[in-house]
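Listed below are the residues making up each chain.
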Amino acid sequence: MTRTIRLAAAQVGAVNLVDARAKTLDRLVRLLEDAASKGAQAVLFPECAFTTFFPRHFIADAAELEAFFEHGDITTADNTRALFDKAKELGVDISVGFAEATESGEHYNTCVYYHAKTGSLLSKYRKVHLPGDYEPYPDAEATNQLEKRYFKPGDYGFDAFRVPDLADATRERGEPIFGMMICNDRRWAEAWRLLGLQGVEVVFCGYNTTGYAPHLWGTNLQQDPQEAAANALFHHKLVMQAHSYTNACFSVSAARCGWDDGKWNLIAGSTIVGPDGKIMAESQTDGDEIVIADCDLDMCRSGKTRTFDFARHRRVEHYSRLISQPGVVEPPHLSSMTNGHSNGVSRSVAGPAFTKTTRILLCNPNATEFMTEACLEMVQPTLPPDVVVYGFTAPKPAPSAVEGNFDNIMSAAAAARAIVPIAHQYDAFLVACYSDHALIRMLREELSQPVIGIMEASLIAARTLGSRFGIIATADRSVYMQQDAVRHYGMDAFCAGIRSCKLGVLELESKPEKEVLATMSAVGKQLVEDGADVLTLGCAGMSNMKAAVEKAVGEDVQVVDGVVAGVHHLAGLCRMGTKTAKRGAWASSKTGRERRRQDWY
Ligand code: CDT
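Owing to the predicted nature of the structure, the values given are computational and were not obtained by experimental measurement.

1. Topic: the site of the ligand
Link 1 in the chain: Around the ligand sit 14 residues, and of these K127, C183, N184, R187 and T209 come closest.
Link 2 in the chain: In the environment of the ligand, an oxygen atom lies 2.6 Å from a nitrogen or oxygen atom belonging to the side chain of R187.
Link 3 in the chain: One of the side-chain nitrogen or oxygen atoms of T209 is found 2.6 Å away from an oxygen atom of the ligand.
Link 4 in the chain: Alone, the ligand offers 360 Å² of accessible surface; in the complex the protein occludes 92% of this.
Link 5 in the chain: Taken together, the residues of the shell around the ligand break down into five nonpolar, four polar and five charged.

Okay, here's the thing in structure tokens:
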């Protein structure tokens, strides 16, 4: 074997709404036999290959709609197994698209890669970029594309995978690297680049592309149908060729095409494109047809090691907008910035895209891991791409919760001993215990990176957002400790109250969620009656209960979670380039130890 593999697209012509499934399945099997007789090693079938392209129809009846979906194991289900059995018999791999209904009743536009030799699925992909709309067009003659109505967006991402037994797996290159996408995905550079970044060598893409759909993508409703279809074909080839070139990979595209029911036109144009962007093979009809080519995967090396050597040439520091911003944000109009027509905004400044990642260690000083996990989950959706939060849970003998002074000191010692040796790996530290925890002061003395606790961070946010804050505390004892801490932070003049839920820290998790949320909501409402316009959650273990409290107190009251407030406070300080001042109380503890010749702690 060499690294040359023979790949085929099985183009499928018209499939009518009423066509029996057995008839369509038989056509697919015959195409596979044809491809195998031509020596194909892997054959790509189109998107939703087993039925007509039903998303063009508004189907109100649930049972009628469900009949277009495949249920159970695609390789063994009655409606589809013949194709997989044939692939196994012929020893030819296949990739095929289908409408997937999961056991839990979810629907996806899916494709799989089936490895004939082992009779197993090597990979499954669910279409991410669903085109069209949820509602049909009011115009009864319009061609609809109701994919957003019938499918959920795919949840597997774009994962490349290795395919054994097609080519020599050299020590240097290994097995061929494949990736899959479905129809509309091919128009999105992001999908290709995600595969390109995994070194993809072959991209498979099945499609159903309407030739004439002026409501959907025409330049105007009077567009000439032939011109529209020619445009659609041009755009199809444009993206397949351009993206194969910019990711230095082969691509195979397989159309479902022709005139379904004599009325609905889908373009043909199944192609095999090389890593230089040139078409190597192309369909000649708009009916059932095999398109086949020999693909020498080593042809990808030139692009991958020169023009598109990503490691050498990509500049990720300028790409943050790509993942942080889904829609367009235009630059401000020049007219609003000229003197005579000013709206008061003189000019704007923006920083460069992130250049440095800020690494924050979220230090849970107790030994209960689920609390650390809950904090990470809470903060994750709020994070910009340049801030990474790492979870740390104090090792035993740290106590399982911090409910009093003894726990406070014991947990601080256990946590500090573990954190200090690894502290150089982080830019800032958030102590995730809602108290004036001893670990905060220890780390401030010992380290120079900024340190804050979630209580202090939430009080600073509360002071910014409102005039009086209230704290929802866990047990009665916390109320006393938090009163002292509020005084310590100099915030007592702004405190409307601290009220207890009469719950132990671990009861936040162990008691029925409904009961805990009801108690916290009731306490939140009492604090609002006491005069609070901002509430803070008085325990790291309360992070995931924020939404329930918000709902209970209404939108005029702000609820601050100290974990989120702390992470963003620290990220801001790091961006400002600040450190802990070392002249006063936070002078280095290490220097003192060294002076005393103490080489332990
Ligand atoms: N099936 C599918 O994804 N079709 C789309 C229609 C595009 S609507 C603008 C396609 O990209 O071909």
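2. Looking at the pairing of strand β4 (residues 93-101)
Link 1 in the chain: The element β4 is largely enclosed, with a buried count of nine among its nine residues.
Link 2 in the chain: Burial along β4 is two-sided: the face carrying D93, S95, G97, A99 and A101 and the face carrying I94, V96, F98 and E100 are both buried.
Link 3 in the chain: Across two bridges, the pairing between strand β3 (residues 70-71) and β4 is parallel. Paired with E70 across the strands is E100, a residue of β4.
Link 4 in the chain: Judged from the eight bridges that link them, β4 and strand β5 (residues 107-115) form a sheet pairing that is antiparallel. Residue pairing in the sheet places S95 in a bridge with Y113 of β5.
Link 5 in the chain: Remark: five residues form the turn of the hairpin made by β4 and β5, two consecutive strands paired antiparallel; G105 in that turn has positive phi of roughly 90°.

3. Notes on the sheet that holds strand β18 (residues 428-431)
Link 1 in the chain: Pairing within the open sheet is parallel, and its four strands lie in the order β17-β16-β18-β19. Each edge of the sheet is formed by a strand with only one pairing partner; in this case those strands are β17 (387-393) and β19 (451-453). Neighbouring strand axes in the sheet, compared pairwise and without regard to direction, differ in orientation by 20° on average.
Link 2 in the chain: Here helix α11 (residues 369-379) sits on the sheet in contact with β16 (358-364) and β17, set at roughly 170° to β17.
Link 3 in the chain: Set on the sheet, helix α14 (residues 454-465) makes contact with β18 and β19; between it and β19 the angle comes to about 80°.

Basis of the calculations
- Residues numbered from 1 in each chain as written.
- Predicted model: local features only at pLDDT ≥ 70, side-chain atom pairs only at ≥ 80, totals over all residues.
- Heavy atoms only, no water.
- Near = heavy atom within 4 Å.
- Polar contact = N/O pair within 3.5 Å; in protein donor to acceptor, adjacent residues only side chain to side chain.
- Areas by Shrake-Rupley, 256 points an atom, 1.4 Å probe, with all protein chains shown as cover.
- Nonpolar A, V, L, I, M, F, W, Y, C, P; charged D, E, K, R; others polar.
- Buried < 20%, exposed > 50% of the residue type's maximum accessible area, 1.4 Å probe, protein only.
- Helix = DSSP H or I, 4+ residues; strand = E, 2+ residues; numbered from the N terminus.
- Pairing = 2+ DSSP bridges.
- Axes fitted to C-alpha atoms, helices over the stretch in contact; angles between N-to-C directions.
- Contact = heavy atoms within 4.5 Å.

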